[in-house]
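Descriptive structure summary
The chain contents come next:
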Amino acid sequence: DAGVIQSPRHEVTEMGQEVTLRCKPISGHNSLFWYRQTMMRGLELLIYFNNNVPIDDSGMPEDRFSAKMPNASFSTLKIQPSEPRDSAVYFCASRMDPLNQETQYFGPGTRLLVL
Amino acid sequence: TQLLEQSPQFLSIQEGENLTVYCNSSSVFSSLQWYRQEPGEGPVLLVTVVTGGEVKKLKRLTFQFGDARKDSSLHITAAQPGDTGLYLCAGAYYGGSQGNLIFGKGTKLSVKP
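Keep in mind that what you see is a predicted model, and the values were worked out from it rather than measured. (Residues numbered from 1 in each chain as written. Chains lettered and ligands numbered in written order. Predicted model: local features only at pLDDT ≥ 70, side-chain atom pairs only at ≥ 80, totals over all residues. Heavy atoms only, no water.)

**Points about the nonpolar core**
Put simply, the test is: Throughout this description, the term nonpolar core refers to a set of buried Ala, Val, Leu, Ile, Met, Phe, Trp, Tyr and Cys residues connected via side-chain atoms within 4.5 Å. Each residue is assigned to one of three classes by its accessible area relative to the maximum for its type, calculated with a 1.4 Å probe on protein chains only: buried under 20%, partly exposed between the two thresholds, exposed over 50%. Counting from the N terminus, the helices are the DSSP runs of H or I reaching at least four residues and the strands are the DSSP runs of E reaching at least two. Contacts are assigned to residue pairs with any non-hydrogen atoms lying within 4.5 Å of each other.
Within the largest apolar cluster, 22 residues are counted, with the highest numbers of intra-cluster contacts made by B:Leu19, B:Leu32, B:Trp34, B:Phe63, B:Leu74, B:Ile76 and B:Leu109. If you list the elements that add at least two residues to this core, you get strand 3 (19-24), strand 4 (29-37), strand 5 (44-49), strand 7 (61-65), strand 8 (71-76), strand 9 (85-93) and strand 11 (107-112) of chain B. Apart from residues lying up to four places away in sequence, B:Phe63 is in contact with B:Trp34, B:Leu46, B:Val47, B:Glu54, B:Val55, B:Lys56, B:Leu58, B:Ser73 and B:Leu74. Counting residues in each nonpolar core, the second largest holds 21 residues, with A:Val4, A:Val19, A:Phe65 and A:Tyr90 among its members.

What follows is the structure in structure tokens.
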């Protein structure tokens, strides 16, 4: 069974460019999470979807960040315009509710470097 | 604001040694999870503890949830190089958005052969 799939795995871009990160959750999971991981701040929740609807976006840093989930099998996280401080590893995770409410399965991450 | 403090931040030991890492908070959690993350990969769940005072064992790893459900520890016996990685604790807190997790910053463990 395929796990959470993220693309691209690595992204290098220049300041000001638009960046789009993609995630395919595990089939049958109805919750999806976007996280950002840095050495300084650790793993931070950016946004959480349930049944394709954004439930909690309080972790989204600012208006430059946006996330969508058009269907149960796909989500995007977009940064426009990107800045060097956005450099981090971005993880997508999915979860099946309500059978196992708290177990999240993480993808391999997208390592983003903004120059 | 709920915070999870993990200690130590870094730990470098020789194969065969024992170690304990800690996860502490002033907040009460409904459950607490431990994850291991290897370089270039996402965190992978090791265990979930739910009841205050609960102890769970996973081969050479022993996990304990504090009686007050505010802290937890992970003890590794006879560490092996394969145990190397970043260990993260994550708490699910009452009143959170449907059980969302708060993560600590992790303990980076290096076990040298």
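**Describing the sheet that holds strand 6 (residues 55-58) of chain B**
Residue and element names in this part refer to chain B. Defined as follows: Note on pairing: two strands pair once DSSP finds at least 2 bridges between them. To obtain an axis, a line is fitted to C-alpha atoms, over the contacting stretch when the element is a helix, and the angle between two such axes runs from 0 to 180 degrees between their N-to-C directions.
Ordered by their spatial adjacency, five strands build an open sheet running 1-3-8-7-6, and the pairing between neighbours is antiparallel. Each edge of the open sheet carries a strand with a single partner, namely strand 1 (5-7) and strand 6. Strand-to-strand twist across the sheet, computed as the mean angle between neighbouring axes with direction ignored, equals 15°. Here strand 7 runs beside strand 8; their pairing, made up of five bridges, is antiparallel. In the strand pairing of strand 8, Leu 61 is matched with Ile 76.

**Details of the pattern of salt bridges**
Let me state the cut-off plainly: Every case where a carboxyl oxygen of Asp or Glu lies within 4 Å of a side-chain nitrogen of Lys or Arg is listed as a salt bridge.
Going through the model one piece at a time under the given rule, you end up with 10 salt bridges over all chains. With a shortest N-O distance of 2.9 Å, A:Glu62 and A:Arg64 are connected by a salt bridge.

**A closer look at the environment of B:Asp83**
All names here are of chain B. This is how it is decided: Polar contact criterion, stated in full: a pair of N or O atoms within 3.5 Å, where within protein one must be able to donate a hydrogen and the other to accept it, and residues adjacent in sequence count only if both atoms are side-chain atoms.
Within the secondary structure, Asp 83 sits in the loop between strand 8 and strand 9. Overall, Asp 83 belongs to the buried group, its relative accessible area being 4%. Sequence-distant contacts of Asp 83, that is, excluding residues within four places in its chain, are made with Arg 36, Arg 60, Ile 76, Leu 109 and Val 111. Within the local environment of Asp 83, its side chain forms a polar contact with the side chain of Arg 60, the two groups lying 2.9 Å apart.

That's the geometry; what it means functionally is another story.
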